[in-house]
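Survey of secondary and tertiary structure
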Amino acid sequence: MKTLVIGHRNPDMDAIVSAIGYAEFKRATGMQNVFAARCGNTNERIDFALQKFGVEAPVFVPDVYPRVEDVMERNVVSIHRNAPIYQAMTRFGEAKFRGLPVVDDSRACIGLLSAFKLGKYLFPPLESLSSSRIVEASISHIRDAIRGMVITGKEDAEIKPRILVVAAMLTDSFKKRLEQLDLPSTILIVGDRWNIQELSILAGVPAVIITNNFSPPDRIVALAQEHGVTLLSSPHDTATTVLLSRAAVTAGQMLSPDFIRLTPEATLRQTRMDIALRSQFAFPVIGAQGRLQGIISKSDLLKPVPRQLILVDHNELTQAVAGAEEIPIVEILDHHRIGVAPTQQPILFMNRPVGSTSTIVAECFLQARLPIPKPVAGLLMCGLISDTLNLTSPTTTENDRAAMTELSKISDINPADLASEIFSVGSPLLTLSTKDVVTADCKEYEEQGVKFSVSQIEEISFASFEKQREALLAELEKYRASHGYLFSTLLITDVNTQNSLLLIRGSESFTRLIDFPEEGAWIWRLDGIVSRKKQLLPYLTALLSRMA
């Protein structure tokens, strides 16, 4: 089972570093196969922090939807198109499926071989018994099927109708039988009846199979050589030889070429709908160049997916990685309001009123008396600094200050120096496109039956804002319209003055309720407001209540 520790969409510093830190904590406590992940891009400040402390960015996971590759059988039992079907008879026992994929030389799947169709061929109904003597095969395939050997003559490799004739009769009766046969297509199956073999060779039968490993006299071998007749030896009795000879047709001759193919990337949700009413017994999974990569049955779609989630820095599905609702969420670590992602069973849910998730991660190490690796301590400081504006935000608590003190000791870094470095890197207004400014740290919320979004960026001043004003407002409206939100907001915070500018595009029935000083159309000045979760979000939800 793989466990992904993952932050919210459009991750900020705290979401990235708390995922790294908590994954490290879970490994330290004995959890295996646990990894930090992200479902969005990093930014320059995050990249700076990761590079400073020599830590790789969490693996990028765009979604966690259960897919065919999660439940398919990878060790596929298949059969080559040129293999005789007697091989398929043994391989059906090795596989749990009622069919075998048929492949060519490049392992491209060209069809399915049905166990039902195979059984019907080998044991035909009474009304079709007369045709059961005819087998479309080559002499070489028949020799392979019976596991026989060539006594003399050449193996005909041409696949064509062959009539299996058993010489279980008196010589006089067999003479009459010879007159009725299509001799060029006949294969005689006989025991140690040398006179019958002689009559057949002289009559022009192209091949004779001698059962029970009987060795023919030299005169029979010489006669066969003289008339160009192939003599084969079978280690089996006559009845078994006949049955195995009928199984000499190739898998390619009996395959069903029209079949439903699946791809490894197909989601299980869509796959269930696609195959629910299909009668097909097994579904080959086809990868690049048409190659066979796996196979599944309908029952495989009920298997548990070998993947689970630990959510950090959020607890609402609207902010979670796409597909989170379809796989188990086993833990949540957060410091925001409780929106609660539904879970399949009771879980560990830590939601604490502190300034950052990084604080909670640090406390997990400290309470468990586990050492925090120095690079992890430095990253957690970055998350704390970013989310609390270096402990100046109104969201800051004594827990945050205590955590910062301990992390500073472990990393041997002064928080003020680190904060100065972080906030001097990568001004969003100067380094990001207007689209990325709006979406880089954007969260979706639902309240009073409506959906809206709240984005935030931090700057060291508003000096670069005026040049971007109109473009940002246009992009914000574009984003709002594309998602069908009642309104979308962008909070631009000056970390030095602890003031913010609020840009909102959306319904005028909502925006006319805003009572902060206006800085122009769709823009308001919010002095002393720096926290999205503790100051802005409660204000916005209060306005929604008034509007309702």
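Summary of the structure given here. What you see is a predicted model, and the numbers here were worked out from it, not measured in a lab.

1. Observations concerning the pattern of salt bridges
Using the criterion set out here, one finds 20 salt bridges in the structure. Its salt-bridge partner being Arg 143, residue Glu 155 comes within 2.7 Å of it at the nearest N-O pair. Of the two residues, Glu 155 is situated in the loop between strand E8 (149-152) and strand E9 (160-166) and Arg 143 in helix H6 (residues 139-146); the sequence distance between them amounts to 12 residues. Glu 155 gets classed as partly exposed once you look at its relative accessible area, which sits at 30%.

2. Re the sheet that holds E9
Note on sheets: strands pair through backbone hydrogen bonds, and any given pair is parallel or antiparallel. Taken together, six strands build an open sheet; the order of strands is E7-E9-E10-E11-E12-E8 and the sheet is mixed. On the outer flanks of this sheet lie strand E7 (134-137) and E8, each paired with one strand and no other. Going across the sheet, the axis of each strand differs from the next one's by a mean of 30°, ignoring polarity. Inspection of the sheet shows strand E11 (residues 207-210) paired to strand E12 (residues 230-233) by four bridges, in the parallel sense. The residue bridging Val 208 from the neighbouring strand is Leu 231, located in E12. Lying on the sheet, helix H9 (residues 218-227) is in contact with E8 and E12; it crosses E8 at an angle near 85°.

3. Quick look at the packing of helix H2 (residues 44-52) against helix H16 (residues 415-424)
For the pair H2 and H16, the least separation of the axes is 8 Å and the interaxial angle reads 135°. Taken together, the axes of H2 and H16 are oblique relative to one another. Each of Arg 45, Phe 48 and Lys 52 in H2 lies in contact with H16, whose residues at this interface are Leu 418, Glu 421, Ile 422 and Phe 423. Here the contact of H2 with H16 is built from residues that sort into four nonpolar, no polar and three charged.

4. Structural notes on the side chain of Ser 233
Examined against the element boundaries, Ser 233 turns out to sit in strand E12. Look at Ser 233 and you get buried, because its relative accessible area is 6%. Within the structure, Ser 233 has its side chain in polar contact with the side chain of Asn 213 (distance 3.1 Å). Those residues in contact with Ser 233 that sit more than four places away from it in its chain are Gly 148, Met 149, Ile 151, Ile 210 and Asn 213.

5. Observations concerning the pairing of strand E6 (residues 109-114)
Taken across its six residues, E6 has five buried, putting it largely inside the fold. Here strand E5 (residues 99-103) runs beside E6; their pairing, made up of five bridges, is antiparallel. Bridging across to E6, Pro 101 finds its partner in Leu 112. Taking the residues that link successive antiparallel strands as the turn, the E5-E6 hairpin has five residues, and the phi of Arg 107 there is positive, at about 65°.

6. Examining the sheet that holds strand E3 (residues 59-60)
Here six strands make up an open sheet; going across it, the order is E3-E2-E1-E15-E16-E17 and the pairing parallel. The open sheet has two free edges, formed respectively by E3 and strand E17 (348-351), since each of these has just one partner strand. Sheet topology places strand E15 (residues 307-312) next to strand E16 (residues 329-334); four bridges connect them, and they run parallel. Bridging from a neighbouring strand, Leu 309 pairs with Ile 329 of E16. Against the sheet, helix H1 (residues 13-28) engages strand E1 (2-6), strand E2 (34-38), E15, E16 and E17, with an angle of about 175° to E2. Helix-sheet contacts for helix H13 (residues 357-367) involve E15, E16 and E17, and the interaxial angle to E16 is about 110°.

Cut-offs applied
Residues numbered from 1 in each chain as written. Predicted model: local features only at pLDDT ≥ 70, side-chain atom pairs only at ≥ 80, totals over all residues. Heavy atoms only, no water. Salt bridge = Lys/Arg side-chain N within 4 Å of Asp/Glu carboxyl O. Helix = DSSP H or I, 4+ residues; strand = E, 2+ residues; numbered from the N terminus. Buried < 20%, exposed > 50% of the residue type's maximum accessible area, 1.4 Å probe, protein only. Pairing = 2+ DSSP bridges. Axes fitted to C-alpha atoms, helices over the stretch in contact; angles between N-to-C directions. Contact = heavy atoms within 4.5 Å. Parallel < 35°, antiparallel > 145°, perpendicular 65-115°, else oblique. Nonpolar A, V, L, I, M, F, W, Y, C, P; charged D, E, K, R; others polar. Polar contact = N/O pair within 3.5 Å; in protein donor to acceptor, adjacent residues only side chain to side chain.

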